[in-house]
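Listed below, chain by chain, are the residues.
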Amino acid sequence: MDAKQLLDSLEHGVVAIAPDWTIAAWSATAARITGLSAERVLGQSFWVAFPAAKATHIERVLQEVLYDGKPQMYLAPAAATDFPGMVFETQVSRGPHSHLIMVFRQVREQLGPESRAAHVMSALETERRLYLQLFSSLPTPALVLTVDGQILEANPEGVKLLGVADPVALRGRPMGDWTPSAQRGALAAALREAVTQRQELHLTVEYAGEPPREVRAVIVNVDPMRQAPKLLFLALDVSREALLQQRLLQADRLSQLGALVSGVAHELNNPLAAIAAFGEALVLDPSQSDVQESAEVIRSEAMRAGRVVQTLLDFARQRPRVQTAVDLGEIADRVLALQRSGFKKARIRASVSVPRDVPAVAGDPQELQQVLLNAVVNARQAIEGSGRPGQIVITAQATGQHVVVTVEDTGPGVPAEILDRVFEPFFTTKADQGTGLGLAISFGLVRGMGGRMWMQNVEGGGARLSFELPVDAGDASAGSAAGSVADSRRLKVLVIEDEDSVRRAMALLAKRLGHEVTTVGRYADAKESLAAPNVRYDALLVDVHLDDEHTGFDLFEQLREEGRGRERRIVFTTGDSISLQTRDALQQADRPVLRKPFSLDELREILERVAGT
C-alpha cells in the first residue's frame, strides 16, 4: 500500500501545507468530511481555499507550530457556509521540510446553534476577532513578546517602528536586535519583571539607514494564566513627539517674527522712502555734480535696505498662493541681499547670472523666493562645514517653454548614498541643527508651480540644485514696452501722506517728472481739497495709514460712494502690508500699491498707469 492509499484509508482527514502556504496533499477522507474534492484545493493557497481562517486563532496556531514545531490542537466550526453546524477537531504538527500537517475529524455530536457549546465557541471566536481588530487598529506600536524577548506578533504601527516590510519576518526575532547593547540588560530585566508587575522604561530603537528613535514603553502580561506568559509591549515614539514640539515652537517663533517685522517695516520704510527720494533728487540735479556720487550711494543703499525689509515681510507673510510673471533676476538679487552678512563671515563669493533674454516664469513670487533662499542657505552651510572659502552661483537659462534655474556651490557635495533622499520630509544630515523640511517644502512648492526639482553632485566637488519652471504665458516684454512709451503728459497729482518728510519727498519726485503736485497731511485736509470746485486730480497717492481716526481706505470708500469714479484714481502707498486687515482691505479695493521706498521709475510707471485708465 503506497502512502496515498494509506492516507486515504484513515478515518481522519489529512492535509499537508507547503512552506509557501499551498496545499500539497488532501486525503480522500478530507474530501469526504468537507465535501471539497482534491482537484478543487490542491495547489491553491490555503488562505484562498479557506479565506475565513485568515486573521483568526487558526492562523495564529499554524504560525506558532511553524515557528516552534510544538504540535497544537484546536476546535473550530467549519468556515464554509456549505456545512452549517459542523465542528472540527484539528491536530497541527510540523513535518519534514517545514510542511504543516493537519489531521482533523468532525466532532460526532454536531452542535446545533441552540446548544451551550455552540454559543461558547461562537463567543470565543467573536472575542478572538475583536482582539485582533483592536490589536491591529491601535494607533501606537504594539508587539507581543515572550519573556526572553522573542517577537510573536506585531501590529502595523509596530512593524513601522522596527522598519520591516513583512510582519511575518519579525516572528521569532529578539527585540534586542533593535536595541543598543547598553540597553539590552535593562530590557531583559523589564521583561522578567513584567510577568508579575507592569513595567515602564525608555528605550532607543535603531536600525540601519535611519536615525535612532526614542520610545517610552509599557510592558504588561496579557496571559498570566499560562506557563509561558505573553507580554504586550506598547511603545510611544517620544522622538516624534519632541520633533512635533520643536515644529510648534518654530511656528510660534515665525508668528512672532511676522508681528515684529511688520512693526519694524512700518517704522523703517517711511524714512527710507524719504532718504531714497531726496537722494534721487540730488542725483538728477546737474547743479549739484559735486555731491552726485554721495547722493547715488544714499539712494542705492536706501533702496537696498527697502528690498531687505520687503524680503523679510514676504518671508514672514502667510497668504494664498498667486500665479503671476516672476522676474528671476530680481528674486535672486533679493535673496542674496538677505545673506550678504553670512557670506562675508563664511568667506563666500555669491553671484547671479541671469541673461537679459531669459523670460519671466509663471509662479508665486513669495514661494519662489522661499525656494531660492532655502537653496542658498543650504549651499552656504555646506561651504561653512568644509572650513574653506567657497562660491555660490545662481544661474538661469531658457529651454523651450521652460526656464532652468541652478544654485551651485563649491562645498563637499551630497554623499552618494543619500542623494536620492534629500527631498524626503524630516530627513536631515544636520542632526539637531536641521528640521529636514527645507528641501521637501521647496520640492512641493516648485511642483505646485508646475515645475520639477532635482539634485546632483558636481564633478570635482560641490552640489547643484536645479529646478525648472514654465515660462509665463503673457508677453511681459510687450507690456514693458507699452509702458515705456506711454503718454508722459503733465498730471495733476494729490499726495495724501501724514509723515512730513515722506510727503515732501513724494512731491519732489512727482515734480521732477513734470507733474503739478498738491500735498496734504490729514484726512480732513484731503476731503477739503477733493471738495474744491473745478479741481480735477489725475492721480491720488494715498497713504494706507493717515491718522489715529482714519485710514486711506476711509477716503477710498467715500469716493466710491459718491459715484463719480474718482476712487479709480487712487494709488495706495504703504511700508507695511503684512497685517491681515491691511491685506484684505487692499485686495477688496483692487487698487495699485506703491511700496515704500520706491524709485523715480516706479513712481512714473504707476502714475502713468492710473492716469491712463
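Chains are numbered independently. Their residues run from 1 in the order of the written sequence. Owing to the predicted nature of the model, reporting of local features is limited to residues with pLDDT of at least 70; listing and counting of side-chain atom pairs is limited to 80 or more, with chain, interface and lining totals taken over all residues. Side-chain numbers come from the whole structure's heavy atoms, not from hydrogens or water.

Novice: Could you give an account of the overall build of the protein chain, with specific residues and numbers?
Specialist: Helical segments are the DSSP runs of H or I of at least four residues, strand segments are the runs of E of at least two, and each set is numbered from the N terminus. If you tally the helices and strands in the protein chain, you get 20 helices and 22 strands. Across the 613 residues that make up the protein chain, the buried fraction comes to 43%. A sequence separation of at least 24 residues applies to 57% of the contacts in the protein chain between residues at least 6 apart. In the structure as shown, the protein chain presents an accessible area of about 32,600 Å², 53% of it carried by carbon and sulfur atoms. Any residue under 20% of the maximum accessible area for its type is buried, any over 50% is exposed, and the rest in between are partly exposed; the area is computed with a 1.4 Å probe on protein chains only. In this analysis, two residues are considered to be in contact whenever any of their non-hydrogen atoms come within 4.5 Å of each other. Surface exposure here means Shrake-Rupley accessible area, sampled with a 1.4 Å probe, where a residue is shielded only by the protein chains that are shown.

Novice: Quick rundown of the pattern of salt bridges? Include the residues and the values.
Specialist: Salt bridge, as applied in this entry: a Lys or Arg side-chain nitrogen positioned within 4 Å of an Asp or Glu carboxyl oxygen. Scanning the model with the defined rule gives 21 salt bridges in all. Residue Asp-538 is joined to Arg-536 by a salt bridge in which the shortest nitrogen-to-oxygen separation is 2.8 Å. In this structure, Glu-562 engages Arg-566 in a salt bridge whose closest nitrogen and oxygen atoms are separated by 2.7 Å. Judged by relative accessible area, Glu-562 falls into the partly exposed class, the value being 30%. Judged by its relative accessible area of 17%, Arg-566 is buried.

Novice: Tell me about the sheet that holds strand β8 (residues 199-205), residues and numbers included.
Specialist: We treat two strands as partners when DSSP finds at least two bridges between them. In space, the 5 strands of this open sheet follow the order β7-β6-β10-β9-β8, with antiparallel pairing throughout. With partners counted over all chains shown, the strands left at the sheet margins are β7 (151-154) and β8, one partner each. With direction set aside, neighbouring strand axes in the sheet form an average angle of 30°. The pairing of strand β6 (residues 142-145) with β7 spans 3 bridges and is antiparallel. If you follow Leu-143 over to β7, its bridge partner there is Ala-154. Fitted lines through C-alpha atoms serve as axes, helices being fitted only where they are in contact, and the angles separating the N-to-C directions of these axes extend from 0 to 180 degrees. Each of β6, β8, β9 (213-221) and β10 (231-237) touches helix α8 (residues 181-193); the most contacted strand, β8, lies at about 150° to it.

Novice: Go over the packing of aromatic side chains, please, and point to the residues and values.
Specialist: Stacked, tilted and edge-to-face pairs are distinguished by plane angle, under 30 degrees for stacked and over 60 for edge-to-face with tilted covering the rest, among Phe, Tyr and Trp rings (Trp via its six-membered ring) whose centres lie within 6.5 Å. The full count for this structure, using the stated rule, is 5 aromatic pairs. Judged by centre distance (5.2 Å) and plane angle (45°), the ring pair of Phe-46 and Phe-50 falls under tilted. A ring pair is formed by Phe-423 and Phe-443, whose centres lie 5.1 Å apart and whose planes are at 35°; its orientation type is tilted. On the criterion of sequence distance, the pair formed by Phe-423 in the loop between β15 (402-409) and α14 (438-448) and Phe-443 in helix α14 is long-range, its members being 20 residues apart. Here Phe-423 falls in the buried class, since its relative accessible area comes to 19%. Every member of this aromatic cluster is reached through a ring pair, and the members are Trp-26, Phe-46 and Phe-50.

Novice: Lay out the nonpolar core with the relevant residues and their values.
Specialist: As used in this record, nonpolar core signifies buried Ala, Val, Leu, Ile, Met, Phe, Trp, Tyr and Cys residues forming a set joined through side-chain atoms within 4.5 Å. Judged by nonpolar contacts, the single largest core of 41 residues is most densely connected at Leu-368, Leu-372, Ile-394, Val-403, Val-405, Met-455 and Phe-467. Ranked by residues supplied to this core, first place goes to helix α13 (residues 365-386) with 9 residues. Formed by 26 residues, the second largest nonpolar core is a distinct cluster that contains Ile-23, Ala-31, Trp-47 and Phe-104.

Novice: Mind laying out the pairing of β8, listing which residues take part and the relevant values?
Specialist: For β8, the buried fraction is high: 5 of the 7 residues fall into the buried class. Judged from the 7 bridges that link them, β8 and β9 form a sheet pairing that is antiparallel. Residue His-202 lies in a different strand from β9, and its bridge partner there is Arg-216.

Novice: Describe the confidence of the model for the protein chain, listing the residues and the values that go with them.
Specialist: Low-pLDDT portions of the prediction should not be read for the details of their coordinates. Each residue carries a pLDDT score, the predictor's confidence in it, ranging from 0 to 100. Looking at the protein chain as a whole, its pLDDT mean stands at 79, while 77% of the residues score no less than 70. Mean pLDDT across the elements of the protein chain bottoms out in helix α15 (residues 476-484) (40) and peaks in β15 (94). Every residue in residues 79-83 is under pLDDT 50, and counting partners more than four places away or in other chains gives 4 contacts. Counting interchain partners and residues more than four positions distant, the pLDDT-below-50 stretch residues 475-487 has 3 contacts.

Novice: Any chance you could break down the sheet that holds strand β14 (residues 390-399) for me, citing the residues and the numbers?
Specialist: Strand order in the open sheet formed by 5 strands is β12-β14-β15-β17-β16, and the pairing between neighbours is mixed. With one partner strand each, in any of the chains shown, β12 (348-353) and β16 (452-457) form the two edges of the open sheet. Going across the sheet, the axis of each strand differs from the next one's by a mean of 15°, ignoring polarity. Sheet analysis places β12 next to β14, joined by 6 bridges and oriented parallel. Across the sheet, the residue bridging to Ser-351 is Val-393, located in β14. Running at roughly 135° to β16, α14 makes contact with β16 and β17 (463-470) of the sheet.

Novice: Run through unusual backbone geometry, naming residues and quoting values.
Specialist: Positive phi, normally seen in glycine, also occurs at Trp-21, with a value near 70°. Secondary-structure assignment places Trp-21 in the loop between β1 (13-17) and β2 (23-26). One non-glycine residue, Ser-98, lies in the positive phi region at around 60°. Examined against the element boundaries, Ser-98 turns out to sit in the loop between β4 (87-94) and β5 (100-106).

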